[in-house]
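Close look at the chain arrangement
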Amino acid sequence: MALLGVSNLEKSFGTNVIFQDVSFEVQQSDHIGLVGVNGSGKTTLFKTLTGEYTPDAGNFYKAKNTVLGYMEQHVCRDLDHTAYAEVLTVFSNLLKMEAELNELNNAVTAHPTEKLIERQTTLNDRFVQGGGLTCRARARSALLGLGFTDQQMGQPVRVLSGGQRAKLQLAKMLLSGANLLLLDEPTNHLDITSVEWLEDFLRSWNGAFIVISHDRYFLDRLCGRIFEMHSGHLTTYKGNYTAFQEQKDLNDLSEERQYENTQREIHRLEGVVTQLRRWNREKSIKTAESKEKAIARLESTLVTPEAKAEHLQFSFPTPERSGNDVLTAENLSLSFHKRPLFRNVSMNLHRCERVFLLGPNGCGKTSLLKTLLGKYKPDSGTIRFGANVHIGYYDQLQTGLNMQNRVIDEIWDLYPQMTETKVRSALAIFLFHGEDVFKPVSALSGGERARVLLLHLMLGKANFLLLDEPTNHLDITSTEALESALQQYEGTLFIISHDRYLINQLADRIYWLTSEGVIPYTGSYDSFLQQRKEQQEQEEKVQKAGQPKTNDYQQRKARQSVLRKQKAQLRRLEDHIDEVEKQMEILNGQLSSPATASDYEKAMDLTKRLEEAKAENDHLLQEWETLTQQVEDAEAAQG
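Note that the structure is predicted; figures quoted are calculated from it, not measured.

Right, let's talk about the environment of Thr 522 for a bit. Position of Thr 522 relative to the elements: it lies in strand 18 (residues 517-522). In this structure, Thr 522 is in contact with Asp 508, Arg 509, Ser 527, Gln 531, Val 562, Gln 566, Gln 569, Leu 627 and Gln 630, ignoring residues within four places of it in sequence.

What follows is the structure in structure tokens.
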């Protein structure tokens, strides 16, 4: 049975049609991702379903047992409330009844009348039936289940972390009896640990939800269906985000080929008609008329592929080559107002490495980046940059922008040697056209400001990029453009990010920041998770065995575990390189075959596959070189 049905829904603001002909159903256990570029109407659809906006056409229905929960309706508006008091606001009607009952009880005790007693009885029945006797216990139980201690329940909302506030919102939605959640960017401002908690919670939840998110890893783990808002229409796809992308690419390719083939046939028939009419014979005229009818039939079925929205597409230019040792940091420590933030931070970054810095919110990741940049002075330790290192920095708070500048001046002031034509051409790459270039920076959205900062980086031609949450404010399309640019970048990367999909695509190494230093891990985000799991299991075994558990011991075991993983990864990498080289030999042999030489399409396909194999082989060899150096360094460090 469907919890929600939507039929031909339409919403406009003035002459601007946000969406139209939107139809879908949500079943009892559906986990749905809603995607689309910024401004495509996703949040407007949510607000229409909640009744905040009235649709211009179409309708939607909810089953009798459907209770909608919308995260935006449950934001924490009073930051002075305690966590417990904030959750109790869900039961505001019950609490009002309770207060009125107390007044009635006092009035009945003092001056009992038939009218007061009747009101007291009626109100008491409503209070009990509504769950008034258990609402406080349920609120406390929900908070305990979400990991709150009694002490945290008594803390004001303003001191809680972003993850804890998100848990408060979820507690309120669940206590409201919701079985269909509408979640609008629920992972915003959450650290990775909190996002993982939210994922695990939603995966095990029995209700349905629709989630707007630009977190591709989140959508892949959670969703069995994807709804895409595009050009005012909604299209549904089965599977997670990766499956959606594959289906969408195939559909787009199929539509384009069908359109091209039909156009080609129309042009061919038009040529035939022209020739037949030139002959001007009775039989040829009749044949021409028949062909014209065929053309008309083809044109009536011709579907022009939907114009693709302009999207970000750029690359970082090849930077000047730096020395092999890009950054060496030893025993860094930092504190603010005598409160220690981190200590014993030691790191080494080499040329062309892609290294990510992870850790919970508040652990000092941004402060560490600013310490490396010289913006903060460390309490102790040393920082050394290698030869010919040129740094580019992306600030997640976008403080480097001059809000009083126009967009064009923001670039021109930094690069006065560029002509206006070149500045405008560069801005066009980042989707600033026409009068857009004269907008004040202060009037730009977060995503538009992010594009200006990315243009700063592109023009700077740095060979060492330090990026602090570069995908914040970007929609999925822009995030994918940035990911593509970073994959092709030939310099060194050091990135703070909570975008696990991006980390999986790029990471050679990961540093996990704690108050006691950084723990190194090799490989992607999935590899990092596996290594951490194994470390935790090992620590649990140590505890159970009653063996001493000191920081030195943990770090030594962690280094040994990392070294074992590096060696195993190196063996797998060498096997993979062998496989790719064998594949290249086979493809070369097939290309040399006389049979292939006479088959153009087959030759082109083999050439393309060979180029892809060569590119993969080059990447694997570079990765092998980096990993070999890491293994040698680790073995030398352990003596």
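Structurally, the position occupied by Tyr 61 is in strand 4 (residues 57-62). Distance from Tyr 61 to Leu 175, taken between C-alpha atoms, is 23 Å for residues 114 residues apart in sequence. Here Tyr 61 is in contact with Ala 2, Leu 3, Leu 4, Gly 5 and Glu 25, once residues within four sequence places are set aside.

Here 6 strands make up an open sheet; going across it, the order is 14-15-16-12-17-18 and the pairing mixed. Each having just a single partner strand, strand 14 (391-394) and strand 18 make up the two edges of the open sheet. Across this sheet, the average inter-strand angle for adjacent strands is 15 degrees, counted without regard to direction. The pairing of strand 14 with strand 15 (residues 464-468) spans 4 bridges and is parallel. Bridge pairing in strand 15 links Tyr 393 to Leu 466.

Here we come to the pairing of strand 1 (residues 2-13). Here 8 bridges tie strand 1 to strand 2 (residues 16-27), and the two strands are oriented antiparallel to one another. What sits directly across from Lys 11, in strand 2, is Phe 19. Where strand 1 folds back on strand 2, the antiparallel hairpin that results is connected by 2 residues, among which Gly 14 adopts a positive phi of roughly 65 degrees. Of the pairings in the sheet, the one linking strand 1 to strand 4 comprises 5 bridges and is antiparallel in character. Bridge pairing links Glu 10 to Ala 57 in strand 4.

All right, on to the nonpolar core then. If you look at soluble globular proteins, the nonpolar side chains tend to sit buried side by side. One finds Phe 314, Phe 316, Phe 356, Leu 358, Leu 427, Leu 465 and Leu 486 to be the most contacted residues of the largest nonpolar core, which totals 52 residues. For this core, the leading source of residues is helix 15 (residues 446-460), giving 8 residues. For Phe 356, the residues in contact, after removing those within four places along its chain, are Ile 495, Ser 497, Leu 502, Ile 503, Leu 506, Ala 507, Arg 509, Ile 510 and Tyr 511. Counting residues in each nonpolar core, the second largest holds 46 residues, with Cys 135, Trp 205, Phe 209 and Val 211 among its members.

Let's shift gears to a negative patch on the surface. Judged by side-chain charge, Glu 574, Asp 575, Asp 578, Glu 579, Glu 581 and Glu 585 come together as a negatively charged surface patch. If you trace the backbone, Glu 579 turns up in helix 19 (residues 551-592). A residue is classified by how much of its surface remains accessible, and Glu 579, at 53% relative accessible area, is exposed.

Here we come to the domain arrangement of the protein. You can read the domains of the protein as domain 1 (1-66 + 177-238), domain 2 (78-171), domain 3 (251-299), domain 4 (323-542) and domain 5 (565-635). Put simply, the middle of domain 3 and the middle of domain 5, counted by C-alpha atoms, are 47 Å apart.

One open sheet holds the 3 strands; their spatial order is 2-1-4, and the pairing between them is antiparallel. With partners counted over all chains shown, the strands left at the sheet margins are strand 2 and strand 4, one partner each. On average, each strand axis in the sheet is tilted by 15 degrees relative to the strand beside it, whichever way the strands run. Sheet strands in contact with helix 1 (residues 42-49) are strand 1, strand 2 and strand 4, and its direction is about 120 degrees off that of strand 1.

Turning to the pattern of salt bridges, a few remarks are in order. Side chains bearing opposite charge may pair, as long as their charged atoms lie close to each other. Across all of its chains, the model carries 23 salt bridges by this definition. One salt bridge connects Glu 330 with Arg 384, and the closest N-O pair in it is separated by 3.7 Å. With a gap of 54 residues between them, Glu 330 in strand 10 (residues 325-336) and Arg 384 in strand 13 (residues 380-385) connect regions that are remote in the sequence. Residue Glu 330 is classed as partly exposed on the basis of its relative accessible area, which comes to 35%. One salt bridge in this structure joins Arg 424 and Glu 420, with 3.9 Å as the shortest N-O distance. One end of the pair, Arg 424, and the other, Glu 420, are both in helix 14 (residues 420-429), 4 residues apart, so they sit about a helical turn from each other. Through salt bridges that share partners, Glu 199, Asp 200, Asp 215, Arg 221 and Arg 500 make up one connected network.

About the thresholds
- Residues numbered from 1 in each chain as written.
- Predicted model: local features only at pLDDT ≥ 70, side-chain atom pairs only at ≥ 80, totals over all residues.
- Heavy atoms only, no water.
- Helix = DSSP H or I, 4+ residues; strand = E, 2+ residues; numbered from the N terminus.
- Contact = heavy atoms within 4.5 Å.
- Pairing = 2+ DSSP bridges.
- Axes fitted to C-alpha atoms, helices over the stretch in contact; angles between N-to-C directions.
- Core = buried A, V, L, I, M, F, W, Y, C linked by side-chain atoms within 4.5 Å.
- Buried < 20%, exposed > 50% of the residue type's maximum accessible area, 1.4 Å probe, protein only.
- Patch = residues over 30% accessible without salt bridge, like charges linked within 9 Å, V, L, I, M, F, W, Y side chains within 5 Å.
- Areas by Shrake-Rupley, 256 points an atom, 1.4 Å probe, with all protein chains shown as cover.
- Salt bridge = Lys/Arg side-chain N within 4 Å of Asp/Glu carboxyl O.
- Lys, Arg positive; Asp, Glu negative; His and termini not counted.
- Charge placed at Lys NZ, Arg CZ, Asp CG, Glu CD.
- Domains from an automatic or database assignment.

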